[in-house]
Amino acid sequence: MEDLKKILNERQYAAVTSTSKYLRIIAGAGSGKTRVLTYRIAYLIDNLGYYPSSILAITFTNKAADEIRNRVEKTLNMGHLHMSVATFHSYCARILREECKLLNYPSSFSIIDEDDQKKIVKDIIKEKEIEAKDLKISTCLDYIANKKNQWITPEVELKTTKGNFFKHQEAIIYGAYEDYLQKNHMLDFDDLILKTIKIFTENPHVLEKWQNRLRHILVDEFQDVDNNQFKLLCQLAGDDNEITVVGDPDQTIYTWRGANIQIILNFNKNFPDCESIALEENYRSSGNILNVANQLISHNHNRVKKNLFTKADLGCDISIYVADNEIKEAEYVVNNILDLYDGQNIFYKDFAILYRANSQSAPIEQILMNRGIKYKIYGGIRFYRRMEIKDCIAYLKFATNLSDDFSALRLIENTGRGIGKTTLDKIKANAQTENVSIYEHLKNNLDNLKDFYMGKQSASLRSFIIQIQELHDKFLFEPKKANVILDDHLHKYGYFDMLIANEMDDKIDNVHKFIEQMRDFLMKDDATLDEFVQNVSLMSSQDEINDQQATDDYVKLMTVHTAKGLEFDNVFVYGLVESIFPSSRTIMESIDGIEEERRLFYVAITRARKRLFLSTSGGYSYMGLRQPSRFLKEIKFKAQEENIAIKKGQDKPLLPTNIRAGSLIKHDIFGEGIVLNEHDGLIDVVFKDPKFGRKTLVASHKFVHLIK
DNA sequence: CGCGAGGATATTTTT
DNA sequence: TATCCTCGCG
């Protein structure tokens, strides 16, 4: 390994070489976090003699995991190291593959994504004939995730919600959902973590086995860890294993999903003799960019102060632009790209356009297309969520896990078998009557399906089952050739024909791409088909980024969330409009929400190395008149263009207000409420409707009206 | 089964 | 303001 003292600064060196049992690294944006993490792992192996297999590094994306593995192997100049670099979810999937018989699951369990969840809940609502007027699917899923993650079982929920009609129905759905998953040997993302914790809690000897395999656990992006992930980490660490955590509290952007910022803040208090190191020198951005970032984040009150600095020059001025409308704003962005692009030093791939919500990409796309600039959107419809890919996955899931009714139904319905809703409902009902899985029902009645279904349908179902049996057997005998087997199957039984008939050329390409990925994965010695199917279900939008980034010259478009952990020479943060960024919901909800939005904007700014362009636009949207984001007013900078209301002295509250403690107000969504107190333009309100309870709101917001 | 009218609905989404 | 989804009809 290189001479670490030469290539690392003092703090980084201390972090890499620390021998503390518990180490917390607070790493500011661009301070060399990934570098420190990889060198630390290399150091543990090379200098301190740890077995690679005794090291577990946890990241939040598969992409980050690959990157860390590659960099460690490169640093040590070694081939494949037997260390574990995984996401929380993929590591749990691995544990469960070995241990889930303790929960009466087979190791070929299916992992379901959010689309699958929605479909399941939808079917439950229909089947149970639940009055679904006000019941939104997404609300149900939120509710289920919420209860689950708090370890509240459906049984308990059913009891406690008696008397509350609405909540009781949600509890019924929750119960049916859990039953459905258990019956079909399915696990959702939350289950992966929760079931692992459950097994460890109930089977101390199993936990001990996993603890003993490890000696040192490192966790990246620790600021976004939630309570159960932390619990799992503590279990794996036990009393003896060492822990290193790395994170930046200013970059917590997933609290809406359970991330608990207190975990990183209190880590040093909860672990005895924990060493804490702060990395504060930024190596990524120019001085101007860093100044803006620092100024912005200093507006957060609920925060530990930090002094992020750089030795770099001030660099280019920050550009800001206020356009009349969204189209003009998009033109501004694209014109700047064209001005800078020279095809020699600056390429299209050096530009990233970031926005708050996926829906904002349309105007930019339009203009980029007009000017003939190649671009790529990340995180829109993800590869693994495409219909044709989900069909392939359903084939794999069903053929390896015959009790997976969900995949069975998908295949029967979607793969051109001439079977519609009526027959599908019949199949479900019949299987339920016989109290067996759909596969069993059809297989048991293979020769008398005519008694159950109409002629055409019964013949179709018969051949479907025979096909699946063939696929199942082939996978069993030659799992390593699963890619070839699937490819043959799709040709032989008309799936490709169906796509050709519908002129779905791009879908055919995608299927080929998928089968190639399968081949590459299965080529590895220890890789199994179960593992492939489960991993595929854990893929995400960031996983596409790497391959394209290196070679092709595309402008990249993505949400700020997706851009986390990435960096680009030139960054546009587009659509800085009040109620979009910060988003309207967080404006209404609470001060914590605004602070999270501010952290999100901070993440956006700190992606930039050389140039930063901020823009906003007026015009109308369904929310009404668009106004520049408050965040633009919070930063003072030497701007190239300052063309309207952001100039000093023009700052004023959005609307005058005379709401104070004791006022009776009416909120468009929460209804009537009484103001408890008023401070800094914010009001604490108790709403009449106990559903909403007590909230902190922005007093001047247009959703709030004074009654008296 | 496919189409159009009309109603609902409107973040972010590492897994 | 736009888009997406659903439902009803041909």
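For the structure itself, look to the data block above.
1. What to know about the packing of aromatic side chains
Consideration 1: Tallied over the full model, the rule gives 22 aromatic pairs.
Consideration 2: Ring plane angle 80° and centroid distance 5.4 Å describe the contact between Phe222 and Phe267, whose orientation is recorded as edge-to-face. One end of the pair, Phe222, is in the loop between β6 (216-219) and α12 (227-237); the other, Phe267, is in helix α14 (residues 267-270), and 45 residues separate them in sequence. One exposure class covers both Phe222 and Phe267, and it is buried.

2. With respect to the environment of Asp552
Consideration 1: Examined against the element boundaries, Asp552 turns out to sit in the loop between α27 (545-551) and β12 (555-559).
Consideration 2: Asp552 sits in the partly exposed class, given a relative accessible area of 31%.
Consideration 3: Spatially, the C-alpha atoms of Asp552 and Ile412 are 39 Å apart, while their sequence positions differ by 140 residues.

3. Section: the packing of helix α18 (residues 387-400) against helix α23 (residues 482-492)
Consideration 1: Where α18 meets α23, the axes come as close as 12 Å, and the angle between the chain directions of the two elements is 115°. Classed by the angle they form, the pair α18 and α23 counts as roughly perpendicular. Seen from above, α18 lies across α23 with right-handed handedness. Along the contact surface, α18 presents Cys392, Tyr395 and Leu396, while α23 presents Leu486, His489 and Leu490.
Consideration 2: Across the contact of α18 with α23, the residue classes break down as five nonpolar, one polar and no charged.

4. Points about the nonpolar core
Consideration 1: Counting residues in hydrophobic clusters, the biggest one holds 61 residues, and the most contacted among them are Leu192, Ile217, Val219, Phe222 and Leu236.
Consideration 2: Beyond its immediate sequence surroundings of up to four residues, Val219 is in contact with Ile58, Phe88, Val225, Leu233, Thr244, Val245 and Val246.

5. Some points on the pairing of strand β7 (residues 242-247)
Consideration 1: With six of its six residues buried, β7 lies for the most part within the structure.
Consideration 2: Burial along β7 is two-sided: the residues Glu242, Thr244 and Val246 and Ile243, Val245 and Gly247 are all buried.
Consideration 3: Relative to β7, strand β1 (residues 22-27) is paired through five bridges, and the arrangement is parallel. Bridged to Arg24 within β7 is Val245.
Consideration 4: Across four bridges, β6 lies against β7 in parallel orientation. For Val219, the partnering residue across the bridge sits in β7 and is Val245.
Consideration 5: A crossover links β6 with its parallel partner β7, the connecting element being α12, and its sense is right-handed.

6. Section: the sheet that holds strand β8 (residues 275-279)
Consideration 1: Spatially, six strands are ordered β3-β2-β6-β7-β1-β8 in an open sheet, and the strand pairing comes out parallel. Among the strands making up the open sheet, the edge pair consists of β3 (84-87) and β8. For this sheet, the mean inter-axis angle between neighbouring strands, taken without regard to orientation, is 15°.
Consideration 2: Two elements, β1 and β8, share five bridges in a ladder whose sense is parallel. Counterpart to Ala27 in the pairing with β8 is Leu279.

7. Here's the deal with helix α17 (residues 361-370)
Consideration 1: For α17, the set of buried residues is Ser361, Pro363, Ile364, Ile367 and Leu368. Projected down its long axis, α17 shows its buried positions confined to an angular sector of 165°, all on one face. For α17, the exposed residues lying more than 90 degrees away from the buried face are Met369 and Asn370.
Consideration 2: Two residues or fewer past α17, Gly372 is found with a positive phi of approximately 70°.

8. Section: the sheet that holds β12
Consideration 1: The parallel open sheet is built from six strands, whose spatial order is β9-β14-β13-β10-β12-β11. Strands at the two margins of the open sheet, each flanked by one partner only, are β9 (319-323) and β11 (375-377). This sheet shows a mean twist of 20° between the axes of neighbouring strands, independent of strand direction.
Consideration 2: The pairing of strand β13 (residues 568-573) with strand β14 (residues 608-617) spans five bridges and is classified as parallel. Of the residues in β14, the one forming a bridge with Phe568 is Ala608.
Consideration 3: Sheet contacts for helix α16 (residues 326-340): β9, β10 (351-355), β12, β13 and β14; angle to β14, the most-contacted strand, approximately 155°.

9. Digging into unusual backbone geometry
Consideration 1: A cis amide bond links Phe581 to the next residue, Pro582, at an omega of 10°.
Consideration 2: Here Trp151, not a glycine, exhibits a phi torsion of approximately 65°, which is positive.
Consideration 3: Along the chain, Trp151 turns up in the loop between α7 (137-149) and α8 (154-160).
Consideration 4: A relative accessible area of 35% places Trp151 in the partly exposed class.
Consideration 5: Of note in this structure, Asp273 is not a glycine but carries a positive phi near 55°.
Consideration 6: You can call Asp273 exposed: its relative accessible area is 74%.

10. A few points about the environment of Asp220
Consideration 1: Inspection of the secondary structure assignment puts Asp220 in the loop between β6 and α12.
Consideration 2: In sequence terms Asp220 and Phe60 are 160 residues apart; their C-alpha atoms lie 7.3 Å from each other.
Consideration 3: With sequence-adjacent residues up to four places away left out, Asp220 is seen in contact with Lys33, Leu37, Ile58, Thr59, Phe60, Ile68 and Val246.
Consideration 4: Of note is the side chain of Asp220, whose polar atom sits 3.3 Å from the side chain of Lys33.

Cut-off values and rules
- Residues numbered from 1 in each chain as written.
- Chains lettered and ligands numbered in written order.
- Predicted model: local features only at pLDDT ≥ 70, side-chain atom pairs only at ≥ 80, totals over all residues.
- Heavy atoms only, no water.
- Phe/Tyr/Trp six-rings, centres within 6.5 Å; stacked < 30°, edge-to-face > 60°.
- Helix = DSSP H or I, 4+ residues; strand = E, 2+ residues; numbered from the N terminus.
- Buried < 20%, exposed > 50% of the residue type's maximum accessible area, 1.4 Å probe, protein only.
- Axes fitted to C-alpha atoms, helices over the stretch in contact; angles between N-to-C directions.
- Parallel < 35°, antiparallel > 145°, perpendicular 65-115°, else oblique.
- Left-handed = near helix turned anticlockwise from the far one by under 90°.
- Contact = heavy atoms within 4.5 Å.
- Nonpolar A, V, L, I, M, F, W, Y, C, P; charged D, E, K, R; others polar.
- Core = buried A, V, L, I, M, F, W, Y, C linked by side-chain atoms within 4.5 Å.
- Pairing = 2+ DSSP bridges.
- Right-handed = clockwise from strand over helix to strand, strands pointing away.
- Arc of directions from axis to C-beta.
- Polar contact = N/O pair within 3.5 Å; in protein donor to acceptor, adjacent residues only side chain to side chain.

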